[in-house]
Amino acid sequence: MLNYNLAVSDADDADVLSALVAEGDELDALVRTVDDWSLPTPAAGWTVAHQIAHLAWSDANVLSALRAPEAFGAELARAEAEGGGYADKAAAEGAAKPRPVLLEEWRAGRTELAAALRATPWDHAFPWYMSQVTPALMVPLRLMETWAHGQDVFDAVGVAHRPTDRLQHVASLGVLGRALSFAAVGLPEPAEPFRVELSALDGRTWVWGPETAAQRIQGDAMDFCLCVTRRRPWSETALTATGEDARKWLEVARVFL
């Protein structure tokens, strides 16, 4: 089991669950004002409808894995059989639904999922794709994915995606995902420690790693989150990297496989 190499704390954190709900609410407020869900988004072949369908489908899969892990095995088998087109096919199927139906499906699903995660022990393990996860990991993962696919929608409709403190949870996954980033391109994780310093909206600096680390990444938190969710290449951000390993990390950074 890979567990995504993201060693999050098993301590219950109500703040991240509230952040997940708030992130969904913000995207909901945007998409309900968009009449044409056939608008293309930056993801090749995906419209606004595809993005919402993907989120609804993912939420439903988490619920299935959480409540019926043995039955979820059929979904895992389907993913293995369909390979790279698995998520695209599911998104296309959902996007074909009428806009009001899809919107209500997504709303109901994310509300149900939040309640289920809130009622589950934070350290309860359940199956996921190529991994085993807990609510302690799944909640920030759902927040990250909601934010990232939401960014695609914001880009599609030409509306600025306002940064919030919720980005700290996304950034934390990005920092924790360093080993995953290198492994995804067949490289070992560098042994040298890293320092990450990100400027938040309110003027604070979010910091990870020892102050004496030679490998350093600095810049805006929004830029870092865009980079690690692969919504922007490093070259299109104002992030700075000191050290060869730090530069390589930003080139391959990701928080999912």
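Everything quoted here is computed from the prediction, not taken from an experiment.

Draft legend 1. Expanded view of the nonpolar core. Of all hydrophobic cores here, the largest spans 57 residues; its most connected members are Trp128, Trp147, Leu198, Ile217, Phe224 and Trp249. Among all residues touching tryptophan 147, those that are not within four sequence positions of it are Glu23, His161, Leu167, Val170, Met222, Cys225, Leu226 and Thr229. The next biggest cluster of nonpolar side chains, apart from the first, holds 17 residues, and it includes Ala53, Ala95, Leu102 and Leu103.

Draft legend 2. Main features of the packing of helix H1 (residues 14-31) against helix H6 (residues 135-157). It is the contact of H1 with H6, at a shortest axis distance of 9 Å, that shows an interaxial angle of 20°. In terms of axis orientation, H1 runs roughly parallel to H6. Between H1 and H6 lies a crossing whose hand is left-handed. Along the contact surface, H1 presents Val16, Leu17, Ala19, Leu20, Glu23, Gly24, Glu26, Leu27, Leu30 and Val31, while H6 presents Val139, Pro140, Arg142, Leu143, Thr146, Trp147, Gly150, Val153, Phe154 and Val157. In terms of residue class, the contact of H1 with H6 is built from 14 nonpolar, three polar and three charged.

Draft legend 3. Summary view of the environment of valine 170. Inspection of the secondary structure puts valine 170 in helix H7 (residues 167-176). Of the residues examined, valine 170 reaches a relative accessible area of 2% and is grouped as buried. For the pair valine 170 and arginine 142, spaced 28 residues apart in sequence, the C-alpha separation works out to 9.8 Å. When residues no more than four places from it in sequence are discounted, the contact partners of valine 170 are Leu143, Met144, Trp147, Cys225 and Thr229.

Draft legend 4. Quick look at unusual backbone geometry. A positive phi angle, near 60°, is found at methionine 130, a position not held by glycine. Here methionine 130 shows up in the loop between strand S1 (126-128) and strand S2 (131-133). Judged by its relative accessible area of 53%, methionine 130 falls in the exposed class. You will see that arginine 230, though not glycine, has its phi angle at about 60°, which is positive. With respect to the helices and strands, the residue arginine 230 is situated in the loop between helix H9 (221-228) and strand S6 (240-242).

Draft legend 5. Focus on helix H3 (residues 69-82). Over its 14 residues, H3 runs 20 Å from end to end, which matches the ideal 20 Å to within 8%, given 1.5 Å per residue. Residues of H3 that are buried: Phe72, Glu75 and Ala79. Down the axis of H3, the smallest arc covering the buried residues is 50°, so these residues share one side. With respect to the buried face of H3, the exposed residues turned more than 90 degrees away are Glu70, Ala71, Ala74, Glu80 and Ala81. On the buried face of H3, the contacting elements are helix H2 (48-67), helix H4 (86-95) and S1. Looking at the residues trailing H3, positive phi occurs at glycine 83, about 65°.

Draft legend 6. The pairing of strand S4 (residues 205-208), seen in detail. Alternating residues of S4 divide into Trp206 and Trp208, all buried, and Thr205 and Val207, none buried. The pairing of strand S3 (residues 194-199) with S4 spans four bridges and is classified as antiparallel. Paired with serine 199 across the strands is threonine 205, a residue of S4. Hairpin geometry of S3 and S4 is characterised by an intervening segment of five residues between the two adjacent antiparallel strands and by a positive phi of about 95° at glycine 203.

Draft legend 7. Structural context of the pattern of salt bridges. The full count for this structure, using the stated rule, is 22 salt bridges. Residue arginine 67 pairs with glutamate 112 through a salt bridge whose shortest N-O separation is 2.6 Å. Placement of arginine 67 in helix H2 and of glutamate 112 in helix H5 (residues 99-118) is noted, with a sequence separation of 45 residues between them. Overall, arginine 67 belongs to the exposed group, its relative accessible area being 52%. We classify glutamate 112 as partly exposed; its relative accessible area is 36%. A salt bridge links arginine 78 to glutamate 75; the nearest nitrogen and oxygen atoms lie 3.6 Å apart. With a gap of three residues between them, arginine 78 and glutamate 75 both fall in helix H3, about one helical turn apart.

Draft legend 8. Spatial organisation of the environment of glycine 45. Relative to the elements of secondary structure, glycine 45 occurs in the loop between H1 and H2. Since its relative accessible area comes to 65%, glycine 45 is described here as exposed. Linking glycine 45 and alanine 92, residues 47 residues apart in sequence, is a C-alpha distance of 9.3 Å.

What counts, and where the lines are drawn
Residues numbered from 1 in each chain as written. Predicted model: local features only at pLDDT ≥ 70, side-chain atom pairs only at ≥ 80, totals over all residues. Heavy atoms only, no water. Core = buried A, V, L, I, M, F, W, Y, C linked by side-chain atoms within 4.5 Å. Buried < 20%, exposed > 50% of the residue type's maximum accessible area, 1.4 Å probe, protein only. Contact = heavy atoms within 4.5 Å. Axes fitted to C-alpha atoms, helices over the stretch in contact; angles between N-to-C directions. Helix = DSSP H or I, 4+ residues; strand = E, 2+ residues; numbered from the N terminus. Parallel < 35°, antiparallel > 145°, perpendicular 65-115°, else oblique. Left-handed = near helix turned anticlockwise from the far one by under 90°. Nonpolar A, V, L, I, M, F, W, Y, C, P; charged D, E, K, R; others polar. Expected span 1.5 Å × (residues − 1). Arc of directions from axis to C-beta. Pairing = 2+ DSSP bridges. Salt bridge = Lys/Arg side-chain N within 4 Å of Asp/Glu carboxyl O.

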